[in-house]
Amino acid sequence: RIRSVGFTLGLESWGEPDEVESRDITGSVYLQGERYRVALKGERRDIEISFNTTGPLGETLRRSADVSADGLGAAASFKLAERWRFSMDGMGYDYSRDLRVLPRLAVFDFLSSSALTLGNSFIDVDWGATLEYDLAGKAFSLQWRENRSAVDRSELRSISAAALFPIADRWDLEFSLGVSDAQDLDRALFGGVYLFFYGGG
C-alpha cells in the first residue's frame, strides 16, 4: 500500500576553472510504502570544456566547447528486516556531443586515468546496490557500484562503507571510505564527509 508520494530536487557545481566545469540539476519522484520505496530519477548537466588550440600562424588560441547531458534512471529500496534495508539504483546518460571526438585535453586524460574522478564526472552508465543497517538513528552501509566512462568507455568498480550520524534536528553527518578499481589502472582509495539537511514539514 502507498503511504506517501514525494519528490527531491538537488543542485551541484563541480570541476576545475578554465578546464572542465559542470552545473547539475537532479530530481526524483518517489512512492513510499511501509516496507519499500521506488523512484524515477532525472538529471541535467551543463558542461563547459576549455582548451587550447594552435591557430594558422602558430599562435595559441583559447577555445571552449559546451556539452549537455540528460540522465534518466530509477531506484528501489526494500526493508528486509527490522534494522536491515537493501537498495539498488541505476542511471543512464545521453550527451549532446560525442566526448570521444572533442579536442583531446590533458584533463580528459586525467579523467580517464583517475578512478575517483571518473566515478563522479563523464559517466555513460552508472548503477549499484547498498546494504544498510540502522542502529538507534545511526546508519551503517556497505555499497557496491559500477559505471562506464563516456570519454573512453572504460569501466570502474568500487566498494565503500559509510556511517551516518544525526547531529541536529534535520541535520545528518556522514563519513565514507572505499576502494575503486578501473580498467588498466591501480586500485585507489577514496573517502568523503557529507552534510545533509532535510526540509519539509
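The present account deals with the structure reproduced in this document. What you see as residue numbers is a count from 1 along each chain, following the sequence as written. Totals for whole chains, interfaces and linings use every residue, but because this is a predicted model, local features are given only for residues with pLDDT of at least 70 and side-chain atom pairs only at 80 or more, for both listing and counting. Side-chain measures were taken over the full set of non-hydrogen atoms in the model, leaving aside hydrogen atoms and water.

1. Digging into the sheet that holds strand β6 (residues 123-135)
Part 1 of the reasoning: The 10 strands lie next to each other as β1-β2-β3-β4-β5-β6-β7-β8-β9-β10, forming an open sheet whose pairing is antiparallel. Among the strands making up the open sheet, the edge pair consists of β1 (2-16) and β10 (188-197). Adjacent strand axes in the sheet meet at a mean angle of 15 degrees when their direction is disregarded.
Part 2 of the reasoning: Looking at chain direction, strand β2 (residues 20-33) and strand β3 (residues 36-54) are connected through 13 bridges and run antiparallel. By the bridge assignment for β3, Val 29 is matched with Leu 40. What makes two strands pair is DSSP finding at least two bridges between them. In this text, helices come from DSSP runs of H or I with a minimum length of four residues, and strands from runs of E with a minimum of two, each type numbered from the N-terminal end. For helices, the axis comes from a line fit to the C-alpha atoms of the stretch in contact; other axes are also lines fit to C-alpha atoms, and the angle between any two N-to-C directions lies between 0 and 180 degrees.

2. Here's the deal with a nonpolar patch on the surface
Part 1 of the reasoning: Nonpolar side chains (Val, Leu, Ile, Met, Phe, Trp, Tyr) within 5 Å and like charges within 9 Å form the patches, drawn only from residues with over 30% relative accessible area and no salt bridge. Accessible surface is estimated by sampling points in the Shrake-Rupley manner with a 1.4 Å probe; for residues, cover comes only from the protein chains shown. Any carboxyl oxygen of Asp or Glu that lies within 4 Å of a side-chain nitrogen of Lys or Arg is treated as forming a salt bridge with it. Among the surface-exposed residues, Phe 78, Leu 80, Trp 84, Met 88, Val 125, Trp 127, Leu 131, Leu 142, Trp 144 and Ile 159 lie close enough to one another that they form a single nonpolar patch of about 900 Å² accessible area.
Part 2 of the reasoning: For the nonpolar patch, the elements supplying multiple residues, two or more each, are β5 (84-95), β6 and β7 (138-149).
Part 3 of the reasoning: With three residues, β6 is the largest single contributor of residues to the nonpolar patch.
Part 4 of the reasoning: Within the fold, Trp 84 resides in strand β5.

3. A look at a negative patch on the surface
Part 1 of the reasoning: A cluster of acidic residues, Glu 16, Asp 18, Glu 19 and Glu 21, forms a negative patch at the surface.
Part 2 of the reasoning: Mapped onto the secondary structure, Asp 18 falls in the loop between β1 and β2.
Part 3 of the reasoning: For the exposure calls, accessible area comes from a 1.4 Å probe over protein chains only, and a residue counts as buried if that area is under 20% of its type's maximum, exposed if over 50%, partly exposed in between. Taking relative accessible area as the criterion, Asp 18 reaches 53% and is therefore assigned exposed. The charged-residue count follows a simple rule in which Lys and Arg add positive charge and Asp and Glu add negative charge, with His and chain termini not counted at all. Taken as the charge centre is NZ of Lys, CZ of Arg, CG of Asp or CD of Glu, depending on the residue.

4. Some remarks on the packing of aromatic side chains
Part 1 of the reasoning: Pairing of aromatic side chains requires ring centres within 6.5 Å, counting the rings of Phe and Tyr and the six-membered ring of Trp. Pairs whose planes differ by under 30 degrees are stacked, by over 60 edge-to-face, and all others tilted. Taken as a whole and judged by the stated rule, the model has six aromatic pairs.
Part 2 of the reasoning: Seen from their ring centres, Trp 127 and Trp 144 are 5.0 Å apart, and the 75 degrees between their planes marks the pair as edge-to-face. On the criterion of sequence distance, the pair formed by Trp 127 in strand β6 and Trp 144 in strand β7 is long-range, its members being 17 residues apart.
Part 3 of the reasoning: Assessed through its relative accessible area of 43%, Trp 127 is described here as partly exposed.
Part 4 of the reasoning: Aromatic ring contacts, followed pair by pair, group Phe 140, Phe 165 and Phe 175 into a single cluster.
Part 5 of the reasoning: Two limits define a charge over a ring: the Lys NZ or Arg CZ must be within 6 Å of the ring centre, and within 35 degrees of the ring normal. In this structure, Arg 37 is placed above the aromatic ring of Tyr 30, and the distance from its NZ or CZ to the ring centre is 3.7 Å.

5. Considerations on the pattern of salt bridges
Part 1 of the reasoning: Following the criterion strictly, the structure yields nine salt bridges and no others.
Part 2 of the reasoning: The partner of Asp 89 in a salt bridge is Lys 41, with the nearest N and O atoms 3.4 Å apart. Residue Asp 89 is found in strand β5, and its partner Lys 41 is found in strand β3; the two are separated by 48 residues along the sequence.
Part 3 of the reasoning: Residue classification places Asp 89 among the partly exposed positions, given a relative accessible area of 21%.
Part 4 of the reasoning: The partner of Arg 145 in a salt bridge is Asp 89, with the nearest N and O atoms 2.9 Å apart. Remark: Asp 89 occurs in strand β5 and Arg 145 occurs in strand β7; sequence separation between them is 56 residues.
Part 5 of the reasoning: One network of salt bridges, with partners in common, ties together Lys 41, Asp 89, Asp 126 and Arg 145.

What is shown is where atoms sit, not what they do.
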